[in-house]
Amino acid sequence: MTQIGEQTQDALRTRKVELVLQQLDSLPTLPAIAVRLLSLTGSADTKIEEVTQLLAGDPSLTGKLLSLVQSAACGARVPVTNIRQAVVMLGFEALRNLVLSVKVFEVFSKPNDQDGDEPSAFNRGEFWKHSLAVATAAEMIAGKLKGKLSAQDAFVCGLLHDIGKVAFDTVMPKSFSRVAEVATLTRGDIAEVEKRIIGLDHAIAGKRLAQAWNLPTMIVQAIWLHGAGPTAIMQGVTDPAIVHVIALADLIARRQHIGYSGNFLFPYDIGLYQGQLGLSDGDIAAVTGSLAEELEKRARAIGLYDVDSKTLYLEAIAQANGELARVNQQLSTQNRRLHSRSACFELVTKLYQRIVPAASPAQLLAEIGRVSHEFLGATQLVLFSQDPDQKVGEVLTFDSASQTHDSFLMQMPPVAGDQRQGRSGGEPIRPATPQLDWLMDRVGPFLNSRNCAYLPLLCGSDPVGGIVWARGEGSTVYSAGGDLLMVSQAWGMTLRTAQVREQQNVLAESLAASNRELGLLQQQLVRAKSLSSVGEMAAGAAHEMNNPLAVMCGRAQLLASKLTDGTLKQDAVSIAQQGQRLSQIITDLMEFAKPEHPKLGQASAAELVAEGVQAAKARAAGAGVKVRVECSPDLPVMHVDARQISNAIAEVVLNAMQATQAAKGSGAAEVLVQTRLDSLDRQVIIQVTDHGTGMSDQTIRHVFSPFYSAKTAGRSRG
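Parameters and conventions
- Residues numbered from 1 in each chain as written.
- Predicted model: local features only at pLDDT ≥ 70, side-chain atom pairs only at ≥ 80, totals over all residues.
- Heavy atoms only, no water.
- Core = buried A, V, L, I, M, F, W, Y, C linked by side-chain atoms within 4.5 Å.
- Buried < 20%, exposed > 50% of the residue type's maximum accessible area, 1.4 Å probe, protein only.
- Helix = DSSP H or I, 4+ residues; strand = E, 2+ residues; numbered from the N terminus.
- Contact = heavy atoms within 4.5 Å.
- Salt bridge = Lys/Arg side-chain N within 4 Å of Asp/Glu carboxyl O.
- Pairing = 2+ DSSP bridges.
- Axes fitted to C-alpha atoms, helices over the stretch in contact; angles between N-to-C directions.
- Phe/Tyr/Trp six-rings, centres within 6.5 Å; stacked < 30°, edge-to-face > 60°.
- Patch = residues over 30% accessible without salt bridge, like charges linked within 9 Å, V, L, I, M, F, W, Y side chains within 5 Å.
- Areas by Shrake-Rupley, 256 points an atom, 1.4 Å probe, with all protein chains shown as cover.
- pLDDT = per-residue confidence, 0-100.
- Arc of directions from axis to C-beta.

1. Some details on the nonpolar core
Part 1 of the argument: Counting 71 residues, the largest nonpolar core has Ile141, Leu160, Ile242 and Leu248 as the members making the most contacts within it.
Part 2 of the argument: Looking at this core element by element, the count peaks at 11 residues for helix α7 (residues 124-144).
Part 3 of the argument: Residues contacting Leu160, with those up to four places away along its chain left out, are Leu100, Val104, Leu215, Ile219 and Ile223.
Part 4 of the argument: Listed in part, the 29 residues of the second largest apolar core include Ile368, Val371, Phe398 and Leu495.

In structure tokens:
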């Protein structure tokens, strides 16, 4: 998807460049007289009369020609009164360059009409002043090269070196006005801005225009490559010297602040071009020192622009002062930003120096409150932790002395859309109300101010906490801007890390507890499986033993009825009794292995207790232990298996009676059975209290184990 998007953008950019070039191709061509004169002066067979006759057809051009010849620049010592004398005096080369300069200026003398009254950011008057200054400087530099380069050619190349800018201003005035505005605001290179906004720079546009006008190759190359740099490889360039001369002249004119070029950068040093051309420091100083005066003479000679050297100096000084003022303002702004950024970095560093790696969210909030109190200029300050995964967050309040005033937990609302950083216009500090009304309702009286500020602590774009404080007077924190946002995000990420770490700790502890419970459950499961196996085996064995046991008991009873010997008769009775006991044990085993399903019915709690106590007394006949029963009058009717409940009560009471009997030496021989109703959960509680010796640790561990008992042989199921 990204590759397709890039291909689409490239196609649109290419189409945009094609449209711009088509508009450049539609620019007005050079007047016929200039085209014809270029052809005549380029031929060795041309006669003076042909040139004279051609020039005579353009009165305006004739006047400028005679004015130039009469100027001191041409050194004329006798009056020149006709065109032929002027042509002879100037020569074909100077004449060609003069006509070309004048006619190009006439083509672009007026900007295109623009909609509305908004002036263009591209000042053509100042631009032509810059172009004429470059032409004059180029002419002077060419004169220092001692015949290596024609001064007239250098002048024309310098005059036309930025013709692409005028072409842009003609075919797309609004777009190029925007280019000039951006270049001025950013103090950058206008060529780079042209590439971003238009699609190509003025060097390419000027080259295409010069080629369309069929200008000499030297002019085309000077327009195209003068910004390529002193060490650039210019393959196919017929005369690199003219390119270096124009580039050097452009640097000198811009450093002199003459006119407007739109380029505020100086990427190349004058000395590099000076070395390429073999010029001395004195040559450069001579050109620089006399440029303003020579520019004034040249402008008056050709009538292209009215230039006063004194005015030029004043304008240059004013522009230089303006540039220095802008640089000073930029440096002041940068200094304020650096100071703010430094303060914010110190704030972040100070917090990290105070906290420990494993700090909890509460500890982190406390340290943030102490560190930020003075920086924010707060009188009272409140911090809160808003964990996105939790509904409850912690709130800490700090007094004017940066001491913790209070801390509490409260319900936190979910992160709302207007709390996100992307919906706040980029400003880190926001009004506390109405965004935090849910918090202000609780802490508003503590802050004691309606003018409270809120700085969210952000993790990405979502708040994970925040700082609310009463605005103090004279605080400069509000100028921190984006630097304070860095603090917000750094602290927010740290707070979120602490929140996640705390959640991980809770999960780890919960997992450990779950593992312990799982181990116990596994042990119980193994035990249950073992008991199940034992129960199945016991049930099978009990079923098989019941028949022979019944025969043994029956025979013993029959034998006892026939024996006359008292001792033998008693032995037979004892055999029958022990057989019955064994039969009861087998029955108990079978009940444990295959317990009966409860037969539920309505039963009185008091009656069940009475039946259980009576059964226990019958089984403990002769124990000599008193059982006292206390029942509350409000006992309800229960829905239970009456037989199982009474048997359970009997077993517990019997155990208490036997324990009390064993401890008669202590002087206590009573068992208390209390029955009451729990008013909270409506449960019937039966409490049996004895005065026995208690249970050992081993007995306590097996208190609910079936068939376990601390008694000697002869015990029941336990």
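2. Describing the pattern of salt bridges
Part 1 of the argument: With the rule as written, the count across this model stands at 12 salt bridges.
Part 2 of the argument: Across the salt bridge formed by Asp169 and Arg124, the nearest N and O atoms sit 2.7 Å from each other. Here Asp169 is found in helix α9 (residues 163-171), whereas its partner Arg124 is found in helix α7, with 45 residues between them in sequence. Arg124 carries the same exposure label as Asp169, and that label is buried.
Part 3 of the argument: The partner of Arg628 in a salt bridge is Glu670, with the nearest N and O atoms 3.4 Å apart. Of the two residues, Arg628 sits in strand β8 (residues 626-631) while Glu670 sits in strand β10 (residues 670-677), which places them 42 residues apart along the sequence.

3. Some details on the environment of Ile645
Part 1 of the argument: Its location among the elements puts Ile645 in helix α23 (residues 642-662).
Part 2 of the argument: Under the relative-accessibility criterion, Ile645 is labelled partly exposed at 30%.
Part 3 of the argument: Distance in space between the C-alpha atoms of Ile645 and Pro598 is 9.9 Å, their sequence separation being 47 residues.
Part 4 of the argument: Those residues in contact with Ile645 that lie beyond four places of it in its chain are Leu608 and Val640.

4. Some remarks on the sheet that holds strand β1 (residues 378-385)
Part 1 of the argument: The sheet built from 6 strands is open, its strands ordered β3-β2-β1-β6-β5-β4 with antiparallel pairing. Edge positions in the sheet fall to β3 (404-411) and β4 (430-431), since each of these pairs with one other strand and no more.
Part 2 of the argument: Sitting on the sheet, helix α18 (residues 361-376) is in contact with β1, β2 (392-398), β3, β5 (452-459) and β6 (462-471), with an inclination near 155° to β1.

5. A short note on the packing of aromatic side chains
Part 1 of the argument: Applying the stated criterion across every chain yields a total of 8 aromatic pairs.
Part 2 of the argument: Ring geometry for Phe122 and Phe176: centres 4.9 Å apart, planes at 75°, overall edge-to-face. Taken together, the positions of Phe122 in the loop between α6 (92-107) and α7 and Phe176 in helix α10 (residues 173-186) put the pair 54 residues apart, joining distant regions of the chain.
Part 3 of the argument: Judged by its relative accessible area of 3%, Phe122 falls in the buried class.
Part 4 of the argument: For Phe176, a relative accessible area of 0% gives the class buried.
Part 5 of the argument: Geometrically, the ring pair formed by Phe122 and Tyr260 is edge-to-face, given 6.1 Å between the ring centres and 65° between the ring planes. Note that Phe122 is positioned in the loop between α6 and α7 and Tyr260 in the loop between α14 (240-255) and α15 (270-277), a separation of 138 residues in sequence.
Part 6 of the argument: Since its relative accessible area comes to 14%, Tyr260 is described here as buried.

6. Examining a nonpolar patch on the surface
Part 1 of the argument: Taken together, Met695, Ile700, Val703 and Phe704 make up a surface patch of nonpolar side chains, about 460 Å² in accessible area.
Part 2 of the argument: Locating Val703 in the fold gives a position in the segment after α24 (697-701).

7. Digging into the pairing of β6
Part 1 of the argument: Of all 10 residues that make up β6, 8 are buried, and the element is covered over most of its length.
Part 2 of the argument: By the bridge criterion, 6 bridges tie β1 to β6 in an arrangement that is antiparallel. Paired with Ser385 across the strands is Gly465, a residue of β6.
Part 3 of the argument: Looking at chain direction, β5 and β6 are connected through 8 bridges and run antiparallel. Note on β6: the bridge partner recorded for Cys459 is Asp462.
Part 4 of the argument: Counted along the chain from β5 to the antiparallel partner β6, the turn is 2 residues long, and its residue Gly460 has a positive phi close to 75°.

8. Things to note about the sheet that holds strand β11 (residues 684-689)
Part 1 of the argument: Across the sheet, which stays open at both edges, the 3 strands sit in the order β8-β10-β11 with mixed pairing between neighbours. For this open sheet the edge positions go to β8 and β11, each flanked by a neighbour on one side alone. In this sheet, neighbouring strand axes are inclined to one another by 15° on average, regardless of whether the strands run parallel or antiparallel.
Part 2 of the argument: Judged from the 6 bridges that link them, β10 and β11 form a sheet pairing that is antiparallel. Counterpart to Arg676 in the pairing with β11 is Ile685.

9. As for the confidence of the model for the protein
Part 1 of the argument: Mean pLDDT over the protein works out to 78, with 79% of the residues at or above the 70 mark.
Part 2 of the argument: Overall, residues 112-116 carries pLDDT values under 50, and its contacts beyond four positions in sequence, including any with other chains, amount to 6 contacts.
Part 3 of the argument: Predicted confidence is poor over residues 417-425, with pLDDT under 50, and the contacts of this stretch with residues over four places away or in other chains come to 21 contacts.

10. Some words on helix α2 (residues 32-41)
Part 1 of the argument: When α2 is considered as a whole, its buried residues turn out to be Ile33, Ala34, Leu37, Leu38, Leu40 and Thr41. Around the axis of α2, the buried residues are gathered within 165° of arc, so they sit on the same side.

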